[in-house]
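# Per-entry structural report
Chain residues, written in single-letter form:
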Amino acid sequence: MKRVCILCEAWESGGIESFLCNTLLAMDRSELEIDIVAAQIGDSVFTEALKNAGVRFQELFGTLRSPQNARLFSALLAERHYDVVHLNAYQALSLQYLKLAQEAGVPIRIAHSHNTELRDSSTRILKLAIHNWAKRAYGNVMTHRWACSAPAARFLFGETSEWAFIPNGINVERFRFDPAGREEVRTELKLEGKLVVGNVGRLCWQKNQAFLLDVFKEVQQQCHASALLLVGEGEARGELEAKARALGIENCVIFYGTTDRVEQLYWAMDVFAFPSRFEGLGIAAVEAQAAGLPVICSDGVPSETMITEWARKLSRSAGAGSWAAAVQNMKNPGNRAASADAVSATGFDVAVVAKEIRNLWVR
């Protein structure tokens, strides 16, 4: 048996968790013992399915920045004797865990970059300095460098390091468009006859749903039979709800929360709008394309995300009015079900990705 530690800073219901859940459930897990280890484990729509598949969860100290996390991880390394530590990283300071794995003699140490920027905060300049220091200090502790996009690789590894592109695989067939499912959800949510603009992601500064509310205000003024469907939870929910009320569009905005049937909500949408300030990849935009949606992304979304001919980019600096016009003018794919084939053909099929990752773990 090979023991694999999948290490995350936190475990919630975001893109990394979706990627890991998709991958592990599609993987041949025979002869593998898999632990998901995180400094902090919160509620997640992905946890139960993974536990049922035999994946073990281990929380460290319970807070992200506690110095106790390193001590507890070292103790776990001594107890479990892992063959692989697969770190899913947002920033370079987390590479210190691979340094501990190196000291413990773990033979395969993977740094997997999923991010391209640090979120805005009063301490951002200090955090960026620490990030750049950690890139230099821990630049040689990994045996493998993986990234979900070229910008994500540059952010964690620098301009010159060699790295491997690992697509954030999805279960393409799960998202293939189902017209009956679309009508069922649109009836349930009272969306019949409406232009439905959608977004899936954590409600936070990075995902920029506040800008999307401005965009939708413009859309709603031109097309009264319209609705905005926001899928996800996050620290910005209260602020976003207040802004929707201030804009007078609260009755047209659905804050759906997290869900284990996200594919059905994609089917109910007409346009997917993704104005993120930055993304490591933007797996939600990939899922949306697999569901046959026209997609409009900000220039903070990597080019690897743009798969189908119905996906386009627009700078956030173009303003809410330009985004609203683009949303209303996006070309409908027609045969939405066929879009899943285009996503599969570009390497995002999770069955292929899972096999590649397993082969790299056990070689």
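Residues numbered from 1 in each chain as written. Predicted model: local features only at pLDDT ≥ 70, side-chain atom pairs only at ≥ 80, totals over all residues. Heavy atoms only, no water.

### Examining the overall build of the protein chain
Per the secondary structure count, the protein chain includes 15 helices and 13 strands. Rg of the C-alpha trace for the protein chain: 21 Å, near the compact-globule value of 21 Å for 363 residues, within the 12% margin. Looking at the protein chain residue by residue over its 363 residues, the buried ones come to 54%. Summarising the internal contacts of the protein chain: among those between residues at least 6 apart in sequence, 71% fall at separations of at least 24. In the form shown here, the protein chain has an accessible surface area of approximately 15,200 Å², with 48% of it arising from carbon and sulfur atoms. For the protein chain, the distance from the average site of its 39 positive side-chain charges to the average site of its 41 negative ones is 4 Å. (Helix = DSSP H or I, 4+ residues; strand = E, 2+ residues; numbered from the N terminus. Rg over C-alpha atoms; globule rule 2.2 N^0.38 Å. Buried < 20%, exposed > 50% of the residue type's maximum accessible area, 1.4 Å probe, protein only. Contact = heavy atoms within 4.5 Å. Areas by Shrake-Rupley, 256 points an atom, 1.4 Å probe, with all protein chains shown as cover. Lys, Arg positive; Asp, Glu negative; His and termini not counted. Charge placed at Lys NZ, Arg CZ, Asp CG, Glu CD.)

### Quick notes on the packing of aromatic side chains
Applying the stated criterion across every chain, the model contains eight aromatic pairs. Aromatic side chains Trp 205 and Phe 278 sit 6.3 Å apart centroid to centroid with 55° between the ring planes, which places their arrangement in the tilted category. In this pair, Trp 205 sits in the loop between β8 (195-200) and α9 (209-222) while Phe 278 sits in the loop between β11 (271-274) and α12 (283-290), placing the two residues 73 residues apart along the sequence. Its relative accessible area of 6% is what places Phe 278 among the buried residues. Arranged with centres 5.5 Å apart and planes meeting at 35°, the rings of Phe 272 and Phe 274 form a pair that is tilted. The rings of Phe 175, Tyr 266, Phe 272 and Phe 274 are connected pair by pair, giving a single aromatic cluster. (Phe/Tyr/Trp six-rings, centres within 6.5 Å; stacked < 30°, edge-to-face > 60°.)

### A short note on the pairing of strand β2 (residues 32-41)
The buried fraction of β2 is high, at seven of ten residues. For strand β1 (residues 2-11) and β2, the ladder comprises nine bridges, and the chain directions are parallel. Within β2, the position partnered with Cys 8 by the bridge is Ala 38. Note that β2 and strand β3 (residues 56-59) share four bridges and pair parallel. Bridge pairing in β3 links Ile 36 to Phe 57. (Pairing = 2+ DSSP bridges.)

### Digging into helix α4 (residues 96-103)
Considered for burial, the residues of α4 that qualify are Tyr 97, Leu 98, Leu 100 and Ala 101. One side of α4 carries all its buried residues, which in axial view fall inside an arc of 155°. Buried residues along α4 sit in contact with β1, α3 (68-80), β4 (84-89) and β5 (108-113). Gly 105 occupies a position one or two residues after α4 and carries a positive phi of about 85°. (Arc of directions from axis to C-beta.)

### Things to note about the pattern of salt bridges
Applying the stated criterion across every chain yields a total of 19 salt bridges. A salt bridge links Arg 124 to Glu 117; the shortest N-O distance between them is 2.5 Å. The partly exposed category is assigned to Arg 124, whose relative accessible area is 21%. According to the relative accessible area criterion, Glu 117 is partly exposed, its value standing at 29%. Taking the shortest distance from any N to any O, the salt bridge between Arg 237 and Glu 233 comes out at 2.5 Å. (Salt bridge = Lys/Arg side-chain N within 4 Å of Asp/Glu carboxyl O.)

### Focus on the sheet that holds β1
Note on sheets: strands pair through backbone hydrogen bonds, and any given pair is parallel or antiparallel. Pairing is parallel across the open sheet formed by seven strands, whose spatial order is β3-β2-β1-β4-β5-β6-β7. Looking at the sheet topology across the chains shown, the edges are occupied by β3 and β7 (164-165). Packed onto the sheet, helix α15 (residues 350-362) meets β1, β2, β4, β5, β6 (144-147) and β7 and runs at close to 100° relative to β2. (Axes fitted to C-alpha atoms, helices over the stretch in contact; angles between N-to-C directions.)

### Quick notes on the layout of surface pockets
Its boundaries defined by the atoms lining it, the second largest pocket holds a volume of some 210 Å³. Lining the second largest pocket are 16 residues, with Leu 64, Arg 65, Ser 66, Gln 96 and Tyr 97 sitting closest to its centre. Contributions of two or more residues to the lining of the second largest pocket are made by β1, α3 and α4. Broken down by element, the residue count for the lining of the second largest pocket peaks at three residues, all from β1. (1 Å grid on protein atoms, 1.4 Å probe; cavity = no way out; pocket = protein on both sides within 12 Å on 5 of 7 lines; lining within 4 Å. Points joined across faces, edges and corners; volume = space filled by probe spheres on them.)

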